[in-house]
Amino acid sequence: MLKNLPLDGVRVIEICNVAAGPYCGMLLADMGADVIKVEHPDGGDTLRSWPPISEGFSENFASLNRNKRSVTLNLKVADDIVMLKKLIADADVLLENNRPGVMDRLGIGYTQCAAINPKLVYCSISAYGQTGPRSQEGGFDLTIQAMSGIMSVTGEAGGEPVKCGVPLADFSSGLYGAFAIVSALRTAEATGSGDHLDIPMLGATLGIAALQTSEYFGSGRDPVALGSAHPRNAPYRVFRSQDGRFSLAAGNNALWKATCEVVGRLDLLQDERFQTPTTRAKFQADLLPILEQEFARATSAQWLALFEAAGVPSAPINSYSEVLQDQQVRHMEWVQPLELPNGVKTRTFISPIRISGENLPVTKAPPALGQHNDEILGKYRRAP
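Residues numbered from 1 in each chain as written. Predicted model: local features only at pLDDT ≥ 70, side-chain atom pairs only at ≥ 80, totals over all residues. Heavy atoms only, no water.

Student: Quick question: what am I supposed to make of the overall build of the protein chain here?
Tutor: Looking only at helices and strands, the protein chain features 16 helices and 15 strands. Seen through its principal axes, the protein chain has C-alpha atoms that stretch 85 × 45 × 40 Å. The buried share of the protein chain, taken over its 384 residues, is 43%. Excluding contacts between residues fewer than 6 apart, the proportion of contacts in the protein chain whose partners are at least 24 apart in sequence is 68%. Here the protein chain displays about 19,600 Å² of accessible surface, and carbon together with sulfur accounts for 54% of that area. (Helix = DSSP H or I, 4+ residues; strand = E, 2+ residues; numbered from the N terminus. Buried < 20%, exposed > 50% of the residue type's maximum accessible area, 1.4 Å probe, protein only. Contact = heavy atoms within 4.5 Å. Areas by Shrake-Rupley, 256 points an atom, 1.4 Å probe, with all protein chains shown as cover.)

Here's what the structure looks like:
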């Protein structure tokens, strides 16, 4: 096990619910930060009630809250705010994902907390940002995917708007938040001054859509949904085979030549429509039936074996039960046993990051609500 993690000694106060903030906090915890999750005594983080529930404990909650400690405080009670401020005075980071203005009204906004702890890095994740005409609007992953344009480019051409099955808006903002926090910690250490980090889910989701926004800036045209196809490359999509479907990404001329060799259609190399990635993308509606006629001759597994041998990137269309048992996932040891606070034994997908060839450890199970009240709050209660 790694002896020293990059964020050992960093204390984070997390005042967050559901996904974006807790995911950000977990990324910091995985890197060694002491993340203290502050929850309301009545039920705690909303995610605790989300199924699947294993003997009273949410496995959804467990997936975003490992390596943390939990304390309960009612932030509408003056004595509990006093207790929280004592925690903040000893912290390096405060992470919150409430609607802008809520923390100020509670007396724990950035300005108020900076007066207590000038080195504090204060990170706010919200739907639209801390200022601006939409700042007071709420948002969830669905609404941000709709607002950000993701739903306009997801799904089949001409189909209904579809959200990505993975909550991209939540987790992209969590990733941006963690990156911003560790960056700001360097400045705080060097200067003695913290800062207020504003992480809007809308901005984060637009940030990861760089290829789509640049397509619009460069052409003046809106990107559109293409199913699994690519607007600038072909063959680069899902294809039908004799028994199902598989994905193939022949993203340059060398891979296109190898593809033609595998399917026994070297004549396609001479076709003017298919000379470059750009022309192949332009005429991919013509190319699709040509290739699928060839792919109908064998199963997906057979084609995948041939393309692997030829060095052409390709993959099966996995379910989660399949990919979590894949040989590469097993080799990396990304799926690890996890014991919930109620004693139930389950499994979880750990951090995919390795340091010096070692996985980041799971040192703490996801906490029961208020599990660490005495351990963390006890010393502040005893203090004069």
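Student: Just checking my understanding: could you explain the side chain of Asn359 for this structure?
Tutor: Along the chain, Asn359 falls in strand β15 (residues 358-359). Of the polar contacts made by the side chain of Asn359, one reaches the backbone oxygen of Met332; its length is 2.8 Å. Asn359 has contacts with Leu2, Met332, Glu333, Trp334, Ile350, Ile353 and Arg354, leaving out every residue within four places of it along the chain. (Polar contact = N/O pair within 3.5 Å; in protein donor to acceptor, adjacent residues only side chain to side chain.)

Student: Hey, could you run me through helix α3 (residues 78-89) in this one?
Tutor: The periodicity of an α-helix, 3.6 residues per turn, causes residues three or four places apart in sequence to face the same way. The first and last C-alpha atoms of α3 sit 17 Å apart over twelve residues, in line with the 16 Å expected at 1.5 Å per residue. Within α3, the full set of buried residues consists of Ile81, Met83, Leu84, Leu87 and Ile88. Seen end-on, α3 carries its buried residues on one side only, within an arc spanning 160°. Turned more than 90 degrees from where α3 packs its buried face, Ala78 and Asp79 sit exposed. Along its buried surface, α3 packs onto β1 (11-15), β2 (34-39), β6 (93-96), α4 (102-106), α5 (110-116) and α16 (373-382). (Expected span 1.5 Å × (residues − 1). Arc of directions from axis to C-beta.)

Student: Explain the layout of surface pockets here, please?
Tutor: Over the atoms a probe the size of a water molecule is rolled, and this reveals where empty space is left. The volume enclosed by the second largest pocket comes to roughly 1,000 Å³. Every element with two or more residues in the lining of the second largest pocket is listed here: α8 (201-207), α9 (210-219), α11 (277-282) and α12 (284-295). With eight residues, α9 is the largest single contributor of residues to the lining of the second largest pocket. Looking at the lining of the second largest pocket, its residues break down into 20 nonpolar, twelve polar and seven charged. (1 Å grid on protein atoms, 1.4 Å probe; cavity = no way out; pocket = protein on both sides within 12 Å on 5 of 7 lines; lining within 4 Å. Points joined across faces, edges and corners; volume = space filled by probe spheres on them. Nonpolar A, V, L, I, M, F, W, Y, C, P; charged D, E, K, R; others polar.)

Student: Would you mind going over helix α13 (residues 300-310) with me for this structure?
Tutor: The complete set of buried residues in α13 reads Ser300, Trp303, Leu304 and Phe307. An end-on view of α13 places all buried positions within 100° of arc, on one side of the element. Pointing more than 90 degrees away from the buried face of α13 are the exposed residues Ala301 and Ala309. Those residues of α13 that are buried lie in contact with β10 (245-249), α10 (253-263), α12 and β11 (314-316). Phi turns positive one or two residues past the end of α13, at Gly311, with a value near 80°.

Student: Can you help me understand the sheet that holds strand β5 (residues 68-72) in this one?
Tutor: Working definition: the strands of a sheet are paired by backbone hydrogen bonds and lie parallel or antiparallel to each other. Overall, parallel pairing links the six strands, which are arranged β5-β2-β1-β6-β7-β8 in an open sheet. The strands lining the two open edges of the sheet, one partner per strand, are β5 and β8 (195-200). Strand-to-strand twist in this sheet, taken as the mean axis angle between neighbours without regard to direction, amounts to 20°. In the packing of helix α7 (residues 168-191) onto the sheet, contacts are made with β6, β7 (121-126) and β8, and the angle to β7 comes to roughly 165°. Running at roughly 60° to β5, α16 makes contact with β1, β2 and β5 of the sheet. (Pairing = 2+ DSSP bridges. Axes fitted to C-alpha atoms, helices over the stretch in contact; angles between N-to-C directions.)

Student: What exactly am I supposed to notice about the pattern of salt bridges here?
Tutor: Going through the model one piece at a time under the given rule, you end up with 17 salt bridges. For Arg273, the salt bridge goes to Asp271, with nearest N and O atoms at 2.7 Å. Lys345 is paired through a salt bridge with Glu339; the nearest N and O atoms lie 3.8 Å apart. Taking relative accessible area as the criterion, Lys345 reaches 65% and is therefore assigned exposed. Judged by its relative accessible area of 43%, Glu339 falls in the partly exposed class. Among the charged side chains, a network of salt bridges with common partners joins Arg11, Asp34, Arg69 and Glu375. (Salt bridge = Lys/Arg side-chain N within 4 Å of Asp/Glu carboxyl O.)

Student: When you look at the packing of aromatic side chains in this model, what are you seeing that I'm missing?
Tutor: Throughout the structure, instances matching the rule amount to 13 aromatic pairs. Summarising the aromatic geometry, the rings of Trp256 and Phe274 are spaced 6.3 Å apart at their centres and angled 70° between planes, so their arrangement reads as edge-to-face. With Trp256 in helix α10 and Phe274 in the loop between α10 and α11, this residue pair connects regions lying 18 residues apart in the sequence. The same class applies to Trp256 and to Phe274, which are both buried. Both rings, one in Trp334 and one in Phe349, keep their centres 5.7 Å apart while their planes meet at 50°; by these two values the pair is tilted. Taken together, the positions of Trp334 in the loop between α15 (327-332) and β12 (335-339) and Phe349 in strand β13 (residues 345-349) put the pair 15 residues apart, joining distant regions of the chain. Given a relative accessible area of 17%, Trp334 falls into the buried group. Among the residues examined, Phe349 registers a relative accessible area of 38% and is labelled partly exposed. Taken together, the ring pairs connect Phe239, Phe246, Phe295, Trp303 and Phe307 into an aromatic cluster. (Phe/Tyr/Trp six-rings, centres within 6.5 Å; stacked < 30°, edge-to-face > 60°.)

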